[in-house]
Amino acid sequence: AEPGPEQGFETVLCSDLVYAGDVTTTRALADTILRMTGGVADAVVVSCFETRHVGLYGGQKGAQSSSDEQNQLLAALLRDEFGTVETVPLEALDADCRDPGIIVHIFSRSPRPSPSPRLSK
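Residues numbered from 1 in each chain as written. Predicted model: local features only at pLDDT ≥ 70, side-chain atom pairs only at ≥ 80, totals over all residues. Heavy atoms only, no water.

Before going further, it helps to examine the sheet that holds strand 3 (residues 84-87). With mixed pairing, four strands are arranged side by side in an open sheet as 1-2-4-3. Across the chains shown, the open sheet's two edge strands, defined by having one partner strand only, are strand 1 (11-15) and strand 3. Shown here is a sheet whose adjacent strand axes are inclined to one another by a mean of 15 degrees, direction ignored. Pairing between strand 2 (residues 44-50) and strand 4 (residues 102-108): seven bridges, direction antiparallel. Bridge assignment links Ser47 to a residue of strand 4, and that residue is His105. Here helix 1 (residues 23-37) sits on the sheet in contact with strand 1 and strand 2, set at roughly 160 degrees to strand 1. (Pairing = 2+ DSSP bridges. Helix = DSSP H or I, 4+ residues; strand = E, 2+ residues; numbered from the N terminus. Axes fitted to C-alpha atoms, helices over the stretch in contact; angles between N-to-C directions. Contact = heavy atoms within 4.5 Å.)

Structure, rendered in structure tokens:
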């Protein structure tokens, strides 16, 4: 029998979806995203987050944040499946949300064309 049509989502958008210091939910999130996009060859996941400068045990401001660590874990868990990970450059973000603490990653299974520069003033 021939395989059926692709099943799953072509695009998954994630915004501030990880919790500082919570490895269990980060792993569950990655598993859920992989199930949601499993049957779609050209699926894309866009993950946006703001770094939080709070250490896992109340560390000093400026130390790597635990939310940043969880986003790095999410990226590592998705990287093997998606292969292509692009970090959107700061200058490509809208001027209203252009902040060095805002990070946008785009995960895709196939190479994507270079993003066109953002036209904003």
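That was the structure; now back to the text.
Next up on the list: the state of the cysteines. For the structure on display, the rule yields zero disulfides. Cysteine Cys14 remains unbridged, with the sulfur of Cys48 as its closest cysteine sulfur at 10.0 Å. In this structure Cys97 is a free cysteine whose sulfur lies 7.1 Å from that of Cys48, the closest cysteine sulfur available. (Disulfide = S-S within 2.5 Å.)

A separate point is the pairing of strand 4. Taking burial as the measure, the seven residues of strand 4 include five buried ones, the bulk of the element. Across four bridges, strand 3 lies against strand 4 in antiparallel orientation. Bridge pairing links Thr87 to His105 in strand 4. (Buried < 20%, exposed > 50% of the residue type's maximum accessible area, 1.4 Å probe, protein only.)

Its location among the elements puts Leu90 in the loop between strand 3 and strand 4. Leu90 sits in the partly exposed class, given a relative accessible area of 33%. A C-alpha to C-alpha distance of 8.0 Å links Leu90 and Ile103, two positions 13 residues apart in sequence. Beyond its immediate stretch of four places on either side in the chain, Leu90 contacts Arg98, Asp99 and Pro100.

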